[in-house]
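# Summary of the model geometry
Letter by letter, the chains look like this.
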Amino acid sequence: METTTNSNVGWLHPTRAEEVEMISDRWFPSHVTEISTQECYELLASRPVGRIAFLVDGDPLVLPVNYVVDGHDILFRTSPRTELGRSMTRGRVAFEVDDFDEFNQSGWSVLFQGSVGYDDSDAVEPGDRPEPWAEGVRNLVVRIRPRLVTGRRLLSA
Ligand SMILES: Cc1cc2nc3c(=O)[nH]c(=O)nc-3n(C[C@H](O)[C@H](O)[C@H](O)COP(=O)(O)OP(=O)(O)OC[C@H]3O[C@@H](n4cnc5c(N)ncnc54)[C@H](O)[C@@H]3O)c2cc1C
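Numbering of residues begins from 1 in every chain and follows the order in which that chain's sequence is written. For this predicted model, a pLDDT threshold of at least 70 governs which residues receive local features, and a threshold of 80 or more governs which side-chain atom pairs are given and counted, while totals over whole chains, interfaces and linings are taken from all residues. Side-chain numbers here rest on the full set of heavy atoms in the structure, without hydrogens or water.

### Examining the side chain of T78
Selection criterion: The helix count covers DSSP runs of H or I at least four residues long, the strand count covers runs of E at least two residues long, and both are numbered beginning at the N terminus. The cut-offs for exposure are 20% and 50% of the maximum accessible area for each residue type, with area from a 1.4 Å probe on protein chains only; residues under the lower value are buried, those over the upper are exposed, and the others partly exposed. A 3.5 Å cut-off defines polar contacts: any pair of N or O atoms within that distance qualifies, except that in protein one atom must be a possible hydrogen donor and the other a possible acceptor, and neighbouring residues in sequence count only when both atoms are side-chain atoms. Contact criterion: two residues are considered in contact whenever any of their non-hydrogen atoms come within 4.5 Å of each other.
Within the secondary structure layout, T78 lies in strand β4 (residues 73-78). Residue T78 is classed as buried on the basis of its relative accessible area, which comes to 2%. Engagement of the side chain of T78 in a polar contact is seen with the side chain of T82, the distance being 3.3 Å. Leaving out residues up to four positions away in the same chain, T78 has contacts with L84, G85, R138, N139, L140 and V142.

### Some remarks on the site of the ligand
Using the following cut-off: Residues are counted as near a molecule or strand when any one of their heavy atoms sits within 4 Å of it. Surface accessibility follows the Shrake-Rupley procedure with a 1.4 Å probe radius. Residue values consider only the protein chains on display as shielding. Polar here means any residue outside two lists: the nonpolar Ala, Val, Leu, Ile, Met, Phe, Trp, Tyr, Cys and Pro, and the charged Asp, Glu, Lys and Arg; Gly therefore counts as polar.
Surrounding the ligand, one finds 13 residues, the nearest of these being P64, R77, T78, E83 and R138. A distance of 2.9 Å is found between a nitrogen atom of the ligand and a side-chain nitrogen or oxygen belonging to N66. When the ligand is considered free in solution it has 880 Å² of accessible area, and contact with the protein chains removes 56% of it. Listing elements by their share of the shell around the ligand, those giving two or more residues are β3 (59-70) and β4. Broken down by element, the residue count for the shell around the ligand peaks at five residues, all from β3. A per-class count over the shell around the ligand returns seven nonpolar, three polar and three charged.

### Some details on the environment of L148
With respect to the secondary-structure elements, L148 resides in strand β7 (residues 140-154). For the pair L148 and L111, spaced 37 residues apart in sequence, the C-alpha separation works out to 8.0 Å. If near-sequence neighbours (up to four positions away) are discounted, L148 is found in contact with L111, F112 and Q113.

### So, helix α2 (residues 37-45)
This is how it is decided: Note that the arc is computed from the directions linking the helix axis to the C-beta atoms.
Listing the buried residues of α2 in full gives C40, Y41, L43 and L44. An end-on view of α2 places all buried positions within 165° of arc, on one side of the element. Turned more than 90 degrees away from the buried face of α2 sit Q38 and A45, all of them exposed. Elements that come into contact with the buried residues of α2 comprise β3, β4, β5 (92-101), β6 (106-118) and β7.

### Some words on the confidence of the model for the protein chain
What counts is decided by this rule: Summary of the metric used: pLDDT quantifies the predictor's per-residue confidence within the range 0 to 100.
In this model, the protein chain carries an average pLDDT of 85, and 80% of its residues clear a pLDDT of 70 or more. Under a pLDDT of 50 for its full length, residues 1-11 has, in the predicted model, 12 contacts with residues more than four places off or in other chains.

### Quick word on the environment of A53
With respect to the element layout, A53 can be found in strand β2 (residues 49-56). For A53, a relative accessible area of 28% corresponds to the partly exposed category. Not counting chain neighbours up to four residues away, the residues in contact with A53 comprise L61, V62, V93 and A94.

Set out below in structure tokens:
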């Protein structure tokens, strides 16, 4: 826990901060648990749509895409005419997939952060290629290579 001895910021005083944490623990028990890397991949493979986060001229954009998992990589198809397609030449992205139960207020989310680029390797068999639900010619295959994989599950109280 980060603490400070500066008496001008009373709410950060060690004793007070510890007190607040204890009260929070008591009244709002944490039901958030970490998901292992292997299970992150299992959950990734269980859904058809994920959200890719990327920057366009410094502005963040998040868009849904249909994807498949190829080993540890994520593949999706898009059009070179979209902002999405134009932004995928190289660089860094985050890819998120989640699911939740509104009634039980529970759910999970998995996050894959890494590099991105066009893929022309034909490494994936035709039947295993990503099939976009969105209409139009989306012949650009994009490969995400995750460097960091994390996940959290929120259990119902
Ligand atoms: C369930 C689902 C699955 C999809 N799967 C794929 C896929 O696999 N491959 C694929 O290429 N596309 C997919 N799409 C569409 C994709 O999310 C983008 O909408 C699309 O690539 C943008 O194309 P565009 O030419 O309309 O917009 P662009 O000209 O590229 O974008 C212009 C602007 O429009 C807005 N915009 C664009 N798309 C969205 C959006 N989805 N939601 C909110 N605002 C938006 C943004 O402000 C963006 O800056 C999917 C969409 C949905 C809902």
